[in-house]
Each structure stands twice: as C-alpha cells, then as structure tokens.
There are 2 protein chains.
Amino acid sequence: MKNILIIGCGLIGSSLLRAVVDKKIAKKIFIYEKSRSSILKIKKLKLPCEITTDFKKIIPNLDLIIFCTPLGEYEKIILKINRYLSPKTIITDVGSSKEKSIELIRKKLKKGIFWTSSHPIAGSEISGPEHGAKDLFLNKWCILIKEKNTNMKHLGILSKLWKKIGSRVAIMDPKKHDTVFSMTSHLPHLVAYNLVKTATDFEKQQRYELIKFSAGGLRDFSRIAASNEIMWRDIFFNNQKNISKAIDLFIKNLRSFKKDIQSKNNRSIIKKLVDTKKVRKKIIKLKQDIDKPDFGRS
Amino acid sequence: MKNILIIGCGLIGSSLLRAVVDKKIAKKIFIYEKSRSSILKIKKLKLPCEITTDFKKIIPNLDLIIFCTPLGEYEKIILKINRYLSPKTIITDVGSSKEKSIELIRKKLKKGIFWTSSHPIAGSEISGPEHGAKDLFLNKWCILIKEKNTNMKHLGILSKLWKKIGSRVAIMDPKKHDTVFSMTSHLPHLVAYNLVKTATDFEKQQRYELIKFSAGGLRDFSRIAASNEIMWRDIFFNNQKNISKAIDLFIKNLRSFKKDIQSKNNRSIIKKLVDTKKVRKKIIKLKQDIDKPDFGRS
C-alpha cells in the first residue's frame, strides 16, 4: 500500500501505526487525532507519521482508512470525510461492537462506498499513544465482519494485513460477533466495574477500610475496571440488547449460587465450582492466557 | 520455638513450612496431612519436616499448632486432638472466614484451651504442597483475630511470627473480618465463578465457540474461578450471611448499570466508570497489586 490514514491515535491506533511501519506495509501513514494532548505525545515520541486535518487533500489518494476512535465518534467523522471518499479506498474500524455501528455506517456513509469492519481482541486498561506497541496484535484474534454486501476483495486485503502484523483472523457476521463478545468481553467488563463500585459503596456504608485488603481477589477486577470510560460507555450503549440479556443470565445464575450457599447444597455448588475450574485449563490450552499461576505476578 | 505442627500441607501449609524453616523459627516441624498424594509429594520434595499421625506423642510438646485445612475439616481434627491439648500451646488457623469457625471452635475445643485465629491474605488459583513458596507471605497482610477472651500473649507471639515471615499484621474482630472479606475476596470469587459459569451456559445454549475468544476480559475471571473448590465451598457456606448481603448489593448495582445502559444515561454511567477507575490507582498506591499494565502479562 501507499497511503494509510489512521483516525484516532490512542492505544490501538498508535499500535497499528507502529505495527504497519514495522512490517513495511505502507509508504506513508497519516494520523487524524482530535486530542491536543495526544498530538503532543505523538510528536514527542516522534512516531513516523504525518498528522493531518486536510481530508480534502489526502483522502483521494488513500488505500486504507482505519477508524480507531470510540464508537461514538464515527458519525461525526463519516460526515466530514464522505464527500472525498471513493469505492477503491478500503475502510475499516477496530470497534468492539458491530450491529449498531454497521447500521449507522449504512445510514451515514456515502452510497457505493465499502466499509469492512475489524475487531482486534487486543488492548488493556491503559490508553494513549504512549502505551502503544508494535507487538500488541501478535497472536491475538482479529475478527473480520462479513455481510451480504461485503467487498470480498477488501476483506481479503484486510485479512492479509492483520495476519502480517501477527493476528489470527476469524470471520463472523455482526450478530454473531456481538453475541460472542457480549459474553467474553462486555459482560466481564461490566461485572468488573460493578464489583468495584459495589465494594466502594460498601466501604462508604460501613466506614471500614476495604480497598487496602483487595489482594484477596478484588484487585484483579480493578484492573479491568480501570479501562477507558468513553470507549466502554459506547460499547455498552451500542451492544445494549445482548448485554442486557447477558446481565439477566448472570443474575439468574448468581441467584442460583446464593440459593446453594443458603441451603448448603454441597452437590450443586461443588458441580458449579469444578465445572468452572475446567474452563481455565481450556483457556490456557487455547493460548488465551499465560499458564503461570497468578498471571506470573508474584 | 521448639516444635510446630502444621495440619494440612497444601499451598498455604507448605509455604508456612518453608517460611518457618527459612527464618529458623522452630527446631522441628511436624506435618499432619490426610491426602496420600500430598504426602507422596512432600516426601519427593524432601520438605524438611516429619510427617506424623501420632498426636498422643507429639502434641504435649508443641509450642504451636497451625490449621491449614479447609474450614470443613476443623471439627473432625479438633475432636481428634482435644484430649492431648494444654493451654500453653498456641493454636491458630489460616481460614478465610471467621465468625462461624470461631463459633464451632468455642463449642468443640476443650475448655481452657486458647485458639487465636489468623488469616494471611495470600494464595492463588493453584493448590498442593508442590506450589508452596517461602516468600508467599512477603508484604501480604495477615489478619489476626482479637476477641474478648483472646490470649494476648499468644496474639503477640503470632503477630511476631507473621511479621518475621514478611507479613504486615492487622487486628480485627471476627465480625469485621467477615464483613471486609465478604467484599474484597468472597464476592469477587463468587462473581468470577458465576461469570465463567454464565459464559459456559451461554456457549451451550448458542452452540458458539466462546472460550477461544476469552482474551477480551473473560480470561481474567477464569483464573480466580480455577481456585480450590473445597476451600471455596467451605468459605461460602461459613460466611453465608455476609456473602448473601454482598450478592444483593451487587445485583442492585448491576440493575442500576443495566438501567443506565438501556436508557443511555450518559452522565450516570460515566460517573460509575470514572469512579471505579480511581480505585485501581488506590490499589496500586497501597501496593496491593503490581503497577504494570495487564499485570505485566503481555
């Protein structure tokens, strides 16, 4: 490729920038970034890119545009760039929720333009261009979205690109994507946020110091609950339907656990605890986590 | 001290054994262990101890007995050792729940004998003597339980012992202990087990492969949900009252989150997400977790 535009240069955007440069995938990378402080960081880090706002000049010559902003930013930017777009430019994004955003894109994107959505399962509780890394996508899944009207040539090129920067590619339709990740990512984040909130509410109620004793389990949740609030608000709002269902199933199961505890139902609770233990082994076998106890922390 | 008996030589018991040997706290350490496979491991590892079942012979000469079994084992063992106990021997345990176990001890332990309960906030998802480490308690909190009838001399000696093997000591009554840890440890474990159970239930319902995409958040919970099932059943059953309350507060908050999501209440959800983010910083400042992103995994 000759020219790539990355819109939003936070953790994911700047990691993509570094990975694309490292693998010599494009000759030139443009960055559009609205945050003043992120722009200063990008300049200070001397990331190999050109920061631009001149869509009129650059967009006609782009091979690829990658949206790396929170989902809530898409509409504004689409409306800004629409008039300069042509069908030959590949457009993708890295958003964590798909059905609603694709609905929006269908409505707002200029007719005849293709958008082929991506979702790299990579990231962490930190944000900002200073935390990006060229290896962020290495051995991580990247989901590519295929629909009826997907441009198969674009899908193929994107698939190659993700593989080149180290990812394993899986293809899903938007519905399946949002169902799977409501359970493996969105609900876990919500539950982590909620657990930390519950503990702090309780600390205020009881006037006990709790947080200092968080090494017994709470600390693990606090990591996920430190994730970027704008990004996660947008994911929760976008995948509302699936997350609501996931919450209901979670509460139903939690009530069943409570019943087991209150009635001291040994057989039922042991079955639950043993079954979940097996999942950890499966996750490690699937190389979705490291096999060191306590994440190798201690 | 001359002689110590450790009852139950799993992760915690064998770590205590190693730490006590390392700090030259006792001349001789006896181990009582009912699991045949653990005994074989202890022998293979050549841990510096004498495995025994001869309570009659050793108990009269003991300075300290430490219970490191699941809570559900206490009664049986107390009844076995009662007749050989004398008030000069310090007795402690490392159980994670206190009110119910202290009630049981009060009923079952021979009159005139002192039991001063400990709870080291240390451990991980792995169990067994092969995983023990002499540094397991280093910089970790150890809670000592103080009641009206606590033997203050015993409490003082135990406090010194825990500090000698690296712990920071805090003193609580059983009620406060069980309230604090219902929130910082027991609820997080229950929620982790429940999340993994919910994901596997969902996987069966949908016939989608979910677990392979667990790097988006679920994998973190699977670690805690791989903890020892007997130990955790006993904790859940013992601290039933506080855990039930914690579950209710958790569900109440989760419903509020769901409401925010369904009504797209931006202000309310952002407040929740920003408030919880601050807790992570506090936890790191209190040295309850490492300050590397993603626990330093990637």
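Residues numbered from 1 in each chain as written. Chains lettered and ligands numbered in written order. Predicted model: local features only at pLDDT ≥ 70, side-chain atom pairs only at ≥ 80, totals over all residues.

**Focus on the overall build of chain A**
In terms of regular secondary structure, chain A is built from 11 helices and 8 strands. Expected size for 298 residues packed as a compact globule is a radius of gyration near 19 Å; at 21 Å, chain A falls within 12% of this value. Taken over the C-alpha atoms alone, chain A extends approximately 70 × 45 × 35 Å along its principal axes. Looking at chain A as a whole, 50% of its 298 residues are labelled buried. (Helix = DSSP H or I, 4+ residues; strand = E, 2+ residues; numbered from the N terminus. Rg over C-alpha atoms; globule rule 2.2 N^0.38 Å. Buried ≥ 20, exposed ≤ 12 C-beta atoms within 10 Å, placed from the backbone.)

**Comments concerning the pairing of strand β7 (residues 141-145) of chain A**
All names here are of chain A. Within β7, 5 of the 5 residues are buried, which leaves it mostly tucked inside the rest of the structure. Here 3 bridges tie strand β6 (residues 118-120) to β7, and the two strands are oriented antiparallel to one another. When the sheet's bridge partners are listed, His 119 is paired in β7 with Ile 143. Each parallel crossover has a hand, and for β7 linked through helix α6 (residues 152-164) to strand β8 (residues 168-172) it is right-handed. (Pairing = 2+ DSSP bridges. Right-handed = clockwise from strand over helix to strand, strands pointing away.)

**A few points about the nonpolar core**
Membership of the largest hydrophobic core comes to 174 residues, with the highest contact counts inside it found for Ile 6 and Ile 66 of chain A together with Ile 6 and Ile 66 of chain B. Not counting chain neighbours up to four residues away, the residues in contact with Ile 6 of chain B comprise Gly 13, Leu 16, Leu 17, Ile 29, Ile 31, Ile 66 and Cys 68 of chain B. (Core = buried A, V, L, I, M, F, W, Y, C linked by C-beta atoms within 7 Å. Contact = placed C-beta atoms within 7 Å.)

**A closer look at the interface of chain B and chain A**
When the parts of a complex come together, some accessible area is lost, and that lost area is often taken as the interface size. On the chain A side, the residues contacting the 89 residues of chain B number 88 residues. Secondary structure elements with two or more residues in the side of chain B that touches chain A: α7 (174-206), α8 (218-224), α9 (229-238), α10 (240-262) and α11 (266-285) of chain B. With 23 residues, α7 of chain B is the single largest residue contributor to the side of chain B that touches chain A. When its residues are assigned to classes, the side of chain B that touches chain A shows 46 nonpolar, 22 polar and 21 charged. (Nonpolar A, V, L, I, M, F, W, Y, C, P; charged D, E, K, R; others polar.)

**Describing the packing of helix α7 (residues 174-206) of chain A against α7 of chain B**
α7 of chain B packs onto α7 of chain A with a crossing angle of 165° between their chain directions and a minimal axis gap of 11 Å. The orientation of α7 of chain A relative to α7 of chain B falls into the category roughly antiparallel. In terms of crossing hand, the pair formed by α7 of chain A and α7 of chain B is right-handed. Side by side, α7 of chain A and α7 of chain B meet where Thr 179, Met 183, Thr 184, Leu 187, Pro 188, Val 191, Leu 195, Ala 199, Phe 202 and Gln 206 of chain A of the first sit next to Thr 179, Met 183, Thr 184, Leu 187, Pro 188, Val 191, Leu 195, Ala 199, Phe 202 and Gln 206 of chain B of the second. (Axes fitted to C-alpha atoms, helices over the stretch in contact; angles between N-to-C directions. Parallel < 35°, antiparallel > 145°, perpendicular 65-115°, else oblique. Left-handed = near helix turned anticlockwise from the far one by under 90°.)

**Focus on the sheet that holds β8 of chain A**
Residue and element names in this part refer to chain A. An order of β6-β7-β8 is seen for the 3 strands of this open sheet, with the pairing classed as mixed. One side of each edge strand has no neighbouring strand; the edge strands of this open sheet are β6 and β8. Neighbour-to-neighbour, the strand axes of the sheet open up by a mean angle of 20°, direction not taken into account. Where β7 lies against β8, 5 bridges are found, and the strand directions are parallel. Bridge pairing in β8 places Ile 145 opposite Met 172. Running at roughly 170° to β7, α6 makes contact with β6, β7 and β8 of the sheet.

**Describing the pairing of strand β1 (residues 3-7) of chain A**
For a regular strand, the rule is simple: side chains alternate between the two faces of the sheet. Residues and elements named next belong to chain A. Burial of β1 is extensive: 4 of the 5 residues sit out of reach of the surface. Note that β1 and strand β2 (residues 28-32) share 5 bridges and pair parallel. From the neighbouring strand, Ile 7 faces β2, where its bridge partner is Tyr 32. In terms of handedness, the path from β1 via helix α1 (residues 11-22) over to β2 forms a crossover that is right-handed. Of the strand pairs in this sheet, β1 and strand β4 (residues 64-67) are connected by 4 bridges, and their pairing is parallel. If you follow Ile 4 over to β4, its bridge partner there is Leu 64.

**Some thoughts on the sheet that holds strand β2 (residues 28-32) of chain B**
Strands in a sheet are paired, the pairing made by backbone hydrogen bonds, and the direction either parallel or antiparallel. Spatial strand order, β3-β2-β1-β4-β5 (chain B): 5 strands in an open sheet with parallel pairing. The sheet is open, and its two edges are formed by β3 (50-51) and β5 (90-93) of chain B, each paired on a single side.

**Examining helix α4 (residues 74-81) of chain A**
Residues and elements named next belong to chain A. For α4, every residue scored as buried is listed here: Tyr 74, Ile 78 and Ile 81. Mapping the buried residues of α4 onto a view down its axis gives an arc of 75°, with all of them on the same face. Exposed side chains of α4 directed beyond 90 degrees from the buried face belong to Lys 76 and Leu 79. Contacts made by the buried residues of α4 are with α3 (55-58), β4 and α5 (99-108). (Arc of directions from axis to C-beta.)

**As for the relation of the copies chain B and chain A**
Here chain B sits on chain A after a turn of 180° about the axis and a move of 0.0 Å along it, with an RMSD of 0.0 Å. With respect to symmetry, the two chain copies, as superposed, fit the operation of a two-fold axis. Comparing interface residues between copies, 99% of those in chain B also lie at the interface in chain A; the contact surface is shared. (Least-squares fit on C-alpha atoms with pLDDT ≥ 70 in both.)

**Describing the domain arrangement of chain A**
Residue and element names in this part refer to chain A. Partitioning chain A into domains gives domain 1 (3-172) and domain 2 (177-263). The C-alpha centroid of domain 2 is placed 29 Å from the C-alpha centroid of domain 1. On the domain 2 side, the residues contacting the 15 residues of domain 1 number 15 residues. Looking at the side of domain 1 that touches domain 2, the elements with two or more residues in it are α5 and β7. For the side of domain 1 that touches domain 2, the element with the most residues is α5, which contributes 3 residues. (Domains from an automatic or database assignment.)

**Description of the environment of Ile 230 of chain B**
The topology assignment puts Ile 230 of chain B in helix α9. Ile 230 of chain B sits 67 residues away from Arg 297 of chain B along the chain, and the two C-alpha atoms are 29 Å apart.

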